[in-house]
Amino acid sequence: MKAFRGNPGLFASADPQKRQAHLEVKDLTLKFGGITALSKIDMAVQSGELISLIGPNGAGKTSLLNCISGHYKPERGKITFNGEEITRLLPHQPAAIGIGRTYQTLELFEEMTVLSNLMLARHIHLEYNVAEAFLFSKGVKAKEACQRQLVEELIDFLGMQAIRKEPVANLPMGMRRRVDLGRALALNPKLLILDEPFTGMTLEEKDDMVRVLLELNETWHQTILWVEHDMSVVMNIAKRVIVFDFGIKIAEGFPDFIQKHPQVIKAYLGET
Amino acid sequence: MGQYTLPQILYKQAERLGSGKIAIREKAYGIWQPINWEAYCRYTKHTALGLMALGIERGETVGLILDNGPEWLFGELGTHTAGAVALPLSTAAPAERLVSELNFCRAAYVFAQNRMQVDRLLAHRQELPHIKQIIYVDPTGLKLYGDNPQLIAFKQLLELGEDLDDEQPDLFIKELWDGKPEDMAVMLRTSGITGAPKLVMLSHTNFTNAACSWVATEPVGIQDNWLSISPMAWIIEQVWGVGIALCGGLTTNFPEKPETLLEDFIDVGPAFVTGSADFWESLASQIITAMAGAGKWHRVLFDMTLDAVKQIATLESEEKPAPLQLKLKSELLKRFVSRPLLHGIGCTRIRAAYTGGHSINPDVMQLFRHLGLNMKQCYGLTETCGMIHVHRDGEVKLGTVGRPLPGAEIKLDTNREILIKSQSNFMGYYQDPDLTSRVLVDGWLHTGDAGYLDEEGHLGIIGRESES
């Protein structure tokens, strides 16, 4: 019954202490040949925050996310997550320490169903090995059922019941972005990183996504670092905004402050 | 059953069918979750006691802005148990309409499905002075409201009910049997007969009479699957959900989401389905389109099947025997063409498929009947508590709506207006005795519809009397 739902096990059963997420970036510089993509970036994300990272195209937003998730290795500087240095981790390692992310250019298994994509994202939480899975004993079945329950609760939370068995390739962009968010959430991350989650969505899908992000952050205290171009959404729901331009952090503060910041206006509108 | 109220019938059914028979099935997390009759009665009891713990008084009105789901049935029957009147409202209705109807009836409590409905009610809080409490079903996103004293979760309501049950174990039985069958049970919005929207008052007796006539006429039995697909604020869903399903011991199935309806339909394989003319016409057009795009042999076999069935139907109407060869061909084609096709749309187990509301294109009805679906047309109004006319098995005449149900009488006045006398005729329009007295004269309901009766007593509908 709906009355007994609304508490997805992934969030509800998690110990808030164990979901602490403190990310710190210090003096980070990233270069591609002669181009400096990021220059001496200092920033921090505190536990429970909903931070938006904005900036014009080519400002270095996605580059920073790629440094955090281990895809790029910066020339200089340090990234720490909950006190542990993660600057040199391999791309698969951040997931294991509690960093989940979505991608601007969706990274889903298109031929697989939504359900399979989400189940696959739970693989780091599986408590059996390949041999045990092959034998598919009673114990493995029970563990698999537990994982399925968690994924089904997530499908319910994100309202994806109608596309559960649909291959991702058949879905429109807005729905794929939702599946990508589900895949990142299925990891049960301490820090959720979203790269332009509203791109390609209809107005109605954007409304739903806003509700989901607010519910995640305000009810379940999910720490979210989020890159976005849609300024109306950013200014309405972000608790704090960081602005990049040409690889440099030019401003940081509450949405009201950012909207009036002269350097931000200059970066978006050019010289007047 | 006319001597009982609806919750009393639930109580009796729970005693009779207990935990062994399934009353409700709801698809959640991709799995059909059953609720037996004993649990159905228990949840209703705790909902009723929860409302009493909140301070509900007999005769008060409770608004229900709910999706089709078990909470609708518990909320509505719980309201009846507490002696209050249920006011089902559409979840898709504009906020202004919800506010005006809740105010018109001075609704003291409201069941709201989710955050969207709660947001709408709270946004108009100043205009809703009578509402004491809003009970929300889906808690997603509602923790953000914190400790708003006007809000309570359905789950908390059930807990309040359990606590009150522990304190006063006899209270439920006392309140249950204090209810009288002639009490008002439901108020439903309709714009039928006069065109202007108004609230129709229906008693428990109206529902039990309508349901019992149906159970006596149609092949309805315990544990037969019925799939709830129309909004619960419509009379057709009300009379099936809290009338026929309750009196007949049917299993009510609730789809997971409106978007999963077709998949859930195929899962359940219902024994009965009630759909609007639009629903069936859209399904027929999907079949025709799919066949037009199918391979040559599929198309040939499909046309052969329809041809064979049509030939038999023509011979039967002329009272001539069909040749054995034709019968054999028709049976084979039914087995290998029609049945797989019906199976594909979840209609294999359907004993009767009903359509009502608007007249259906006879070609659509004929197509389904030729494919082997026992499709029948119904006629009824909110004021008659749902269907009052239906095609009987073996007596389906296309273009008519069949004969009246037992206990109902029908006649036409000089203007060919259809007049109906039945025990399921409504109590009156809420706070509109003038209109009631114009529409309900000496027990005869003036429907405003024009029709004709053929020599076998089948009713044909022409249209609105004012337009004919």
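Draft legend 1. Inspection of the overall build of chain A at higher detail. On a plain count of helices and strands, chain A comes out with 11 helices and 10 strands. The C-alpha radius of gyration of chain A comes to 19 Å, within 12% of the 19 Å expected for a compact globule of 272 residues. Counting only C-alpha atoms and orienting by the principal axes, one finds that chain A spans roughly 65 × 40 × 35 Å. Among the 272 residues that make up chain A, the fraction classed as buried is 40%. Put simply, 69% of the contacts in chain A that link residues at least 6 apart link residues at least 24 apart.

Draft legend 2. Spotlight on the interface of chain B and chain A. The partner chain A presents 17 residues to the 20 residues of chain B that form the contact. Only α3 (70–81) and α6 (154–167) of chain B provide two or more residues apiece to the side of chain B that touches chain A. A per-class count over the side of chain B that touches chain A returns 7 nonpolar, 5 polar and 8 charged.

Draft legend 3. Main features of the sheet that holds strand β1 (residues 23–32) of chain A. Residue and element names in this part refer to chain A. With respect to topology, 4 strands assemble into an open sheet ordered β2-β1-β4-β5, the strand pairing being antiparallel. Either end of the sheet is taken by a strand with one partner, and the two such strands are β2 (35–45) and β5 (84–85). Of the strand pairs in this sheet, β1 and β2 are connected by 7 bridges, and their pairing is antiparallel. By the bridge assignment for β2, L30 is matched with L38.

Draft legend 4. Here's a closer look at the packing of helix α2 (residues 37–54) of chain B against α3 of chain B. All names here are of chain B. Where α2 meets α3, the closest approach of the two axes is 8 Å, and the angle between their N-to-C directions is 55°. On the basis of their axis angle, the class for α2 and α3 is oblique. Two packed elements cross with a definite hand, and for α2 against α3 that hand is right-handed. Residues Y43, T44, T47, A48 and L51 of α2 form the contact with α3, whose participating residues are F74, G75, L77, G78, T79 and T81. The class makeup of the residues in the contact of α2 with α3 is 5 nonpolar, 6 polar and no charged.

Draft legend 5. Inspection of the pairing of strand β22 (residues 459–464) of chain B at higher detail. All names here are of chain B. Sheet topology places strand β21 (residues 444–453) next to β22; 5 bridges connect them, and they run antiparallel. Counterpart to Y452 in the pairing with β22 is G460. Counting the residues between successive antiparallel strands, the hairpin from β21 to β22 contains 5 residues, one of them, G457, with a positive phi of roughly 85°.

Draft legend 6. Structural context of unusual backbone geometry. For H221 of chain A, which is not glycine, the phi dihedral falls at a positive 55°. For H221 of chain A, the position within the fold is in the loop between α8 (203–219) and β8 (223–227). If you check the backbone angles, Q431 of chain B has positive phi at about 55° while not being a glycine. Since 12 C-beta atoms lie within 10 Å of it, Q431 of chain B is described here as exposed.

Cut-off values and rules
Residues numbered from 1 in each chain as written. Chains lettered and ligands numbered in written order. Predicted model: local features only at pLDDT ≥ 70, side-chain atom pairs only at ≥ 80, totals over all residues. Helix = DSSP H or I, 4+ residues; strand = E, 2+ residues; numbered from the N terminus. Rg over C-alpha atoms; globule rule 2.2 N^0.38 Å. Buried ≥ 20, exposed ≤ 12 C-beta atoms within 10 Å, placed from the backbone. Contact = placed C-beta atoms within 7 Å. Nonpolar A, V, L, I, M, F, W, Y, C, P; charged D, E, K, R; others polar. Pairing = 2+ DSSP bridges. Axes fitted to C-alpha atoms, helices over the stretch in contact; angles between N-to-C directions. Parallel < 35°, antiparallel > 145°, perpendicular 65-115°, else oblique. Left-handed = near helix turned anticlockwise from the far one by under 90°.

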